[in-house]
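# Topology and contacts: notes
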Amino acid sequence: MATCIQTKPISQNPNRSQIDDPVYNYTKLYRPNFQDYESCLPFSQIRENTSDLCFLENDDQDFLWRIMKEEAKIDVEQEPILSSYYYSSILAHESLGRALASHLSMKLSDASLPSGSLFDLFLEVFTEDQEIMKCVRYDIVAVRERDPACISYVHCFLNFKGFLACQAHRAAHKLWSQNRKILALLIQNKVSEVFAVDIHPGAKIGRGILFDHATGVVIGETAVIGDNVSILHNVTLGGTGKACGDRHPKIGDGVLIGAGTCVLGNVKIGDGAKIGAGSVVIKGVPARTTAVGNPARLIGGKENPVKLDKIPSLTMDHTSHISQWSDYVI
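A brief structural summary. None of the values given here were measured: they were computed from a predicted structure. Each chain has its residues counted from 1, following the order in which its sequence is written. Side-chain atom pairs in this predicted model are given and counted only at pLDDT of 80 or more, local residue features only at pLDDT of at least 70, and totals for whole chains, interfaces and linings cover all residues. In computing side-chain properties, one takes all heavy atoms of the structure into account and sets aside hydrogens as well as water.

Now for the state of the cysteines. Pairs of cysteine sulfur atoms within 2.5 Å are what we label disulfides. By the definition in use, this model includes zero disulfides. Free of any disulfide, C150 has its nearest cysteine sulfur in C156, 5.1 Å distant.

This is the structure in structure tokens:
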């Protein structure tokens, strides 16, 4: 099922730049043969490659799970030594939610916190909140689409700690919103110990999230992350001091944040923006622009920044336009 594309040009004025056209409105869907057309989807739903996402719009919510079970069977045929592991992790379960609850509980349990107790807790959350499960499915597909190292949905589910840390956070955030803060903070601590990802349970995270590699990611309590965001390792979305209140970054839809980046304070990173690796951002970044450096500055300058015509979190392009900022040559 292809994504809907309108048949009207973005701009009716041939002398007007598409980037400056208000009809553009950050919603352009990049297709090599359709650069003059506008997506009929809202920005948060735009995707670079729709082939793997068709079934997310299907009413059959178990379709992805059936695909994963078929992948698991193929893996076991190729590597019989994995049969027991795959059976307990995937094939023995009737739904994605039960499998995820089981897998997380095994990963995060210890002698004083048995896996059975964690399984009941996670299963309760995943069963009661189908919106969380919808986000889980979008996250799996996001990893599969954007990370060339991911060879299957099952590979993501079993082995990608960024994905697992994000789903554990979704459960912790649900508990936090129910004022079960002790349990939420316990899950945060276990995730930090096991996956080296520290996300405060108060943080709000959208769907279609990729934490690539994920080691060293730190996200503060009042941070907000939009849909279809890609964040690499050693990224901090933090505060600037010990003040309370709303003190952490707000990340828009479609944002790409490069490795080793710090975004500090209650600043807004606009939809479709890109933050170069190793940057330190302490001021807001406009939509569809690129910021890089320490302290970060906009490519093209503050008065006339270069505007991006593709969604960076989906293209995962970390280097375009950087040559305009730096004359460094190897």
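Now that the structure is up, let's keep going.
Across two bridges, strand β14 (residues 274-275) lies against strand β16 (residues 290-293) in parallel orientation. Across the sheet, residue K274 finds its bridge partner in β16, namely T290. Two strands pair under a simple rule: DSSP has to find at least two bridges between them. Note on conventions: DSSP H or I runs of at least 4 residues are helices, E runs of at least 2 residues are strands, and numbering of each starts at the N terminus. As paired elements, β16 and strand β17 (residues 296-298) share three bridges and run antiparallel to each other. Bridging from a neighbouring strand, A291 pairs with L298 of β17. Linking β16 to β17, which pair antiparallel, is a turn of two residues.

Moving on: the packing of aromatic side chains. The criterion for an aromatic pair is that two Phe, Tyr or Trp rings (for Trp, the six-membered ring) have centres within 6.5 Å, with stacked assigned to planes under 30 degrees apart, edge-to-face to planes over 60 apart and tilted to the rest. In this structure the tally under the stated criterion is three aromatic pairs. Here the aromatic rings of F122 and F126 are separated by 6.1 Å at their centres, their planes lie at 10°, and the arrangement is stacked. In this pair, F122 and F126 are both assigned in helix α4 (residues 115-128), four residues apart and thus about one turn of the helix distant. In this structure, F122 and F126 share a single accessibility class: buried. Residue burial is assigned from relative accessible area. The probe radius is 1.4 Å, only protein chains are included, and a residue is buried under 20% of its type maximum, exposed over 50%, and partly exposed in between.

Among buried residues, the Ala, Val, Leu, Ile, Met, Phe, Trp, Tyr and Cys ones that are joined through side-chain atoms within 4.5 Å form a nonpolar core. Membership of the largest hydrophobic core comes to 78 residues, with the highest contact counts inside it found for F126 and F211. Of all the elements, helix α7 (residues 161-177) adds the most residues to this core, at nine residues. We call two residues contacting when some pair of their heavy atoms lies within 4.5 Å. Once you skip the residues sitting within four places of it in the chain, F211 turns out to touch G162, C166, I199, I205, V217, I219 and I231.

What follows is about the sheet that holds strand β6 (residues 218-219). Note on sheets: strands pair through backbone hydrogen bonds, and any given pair is parallel or antiparallel. Read from one edge to the other, the open sheet built from five strands follows the order β3-β6-β9-β12-β15, with strand pairing classed as parallel. Taken across any chain shown, the strands that pair with only one partner, and hence form the sheet edges, are β3 (198-199) and β15 (280-281). Bridge count for strand β9 (residues 236-238) against strand β12 (residues 262-264) is three bridges, and the pairing is parallel. The partner of T236 across the bridge, within β12, is C262.

Bringing helix α8 (residues 181-195) into the picture now. In this analysis, the expected span of each helix is defined as 1.5 Å times one less than the number of residues it contains. In a regular helix each residue adds 1.5 Å, so 15 residues correspond to 21 Å; α8 covers 21 Å between its end C-alpha atoms and thus fits that length. Considered for burial, the residues of α8 that qualify are A184, I187, Q188, K190, V191 and F195. In a view along the axis of α8, the buried residues occupy a sector of 170°, so they form one face of it. The exposed set on the far side of α8, more than 90 degrees from its buried face, consists of I182 and E193. Tucked inside the fold, the buried residues of α8 contact α3 (96-108), α4, α7 and β3. Within two residues after α8, A196 carries a phi angle of roughly 60°, on the positive side. Relevant arc is that of directions from the helix axis to the C-beta atoms, nothing else.

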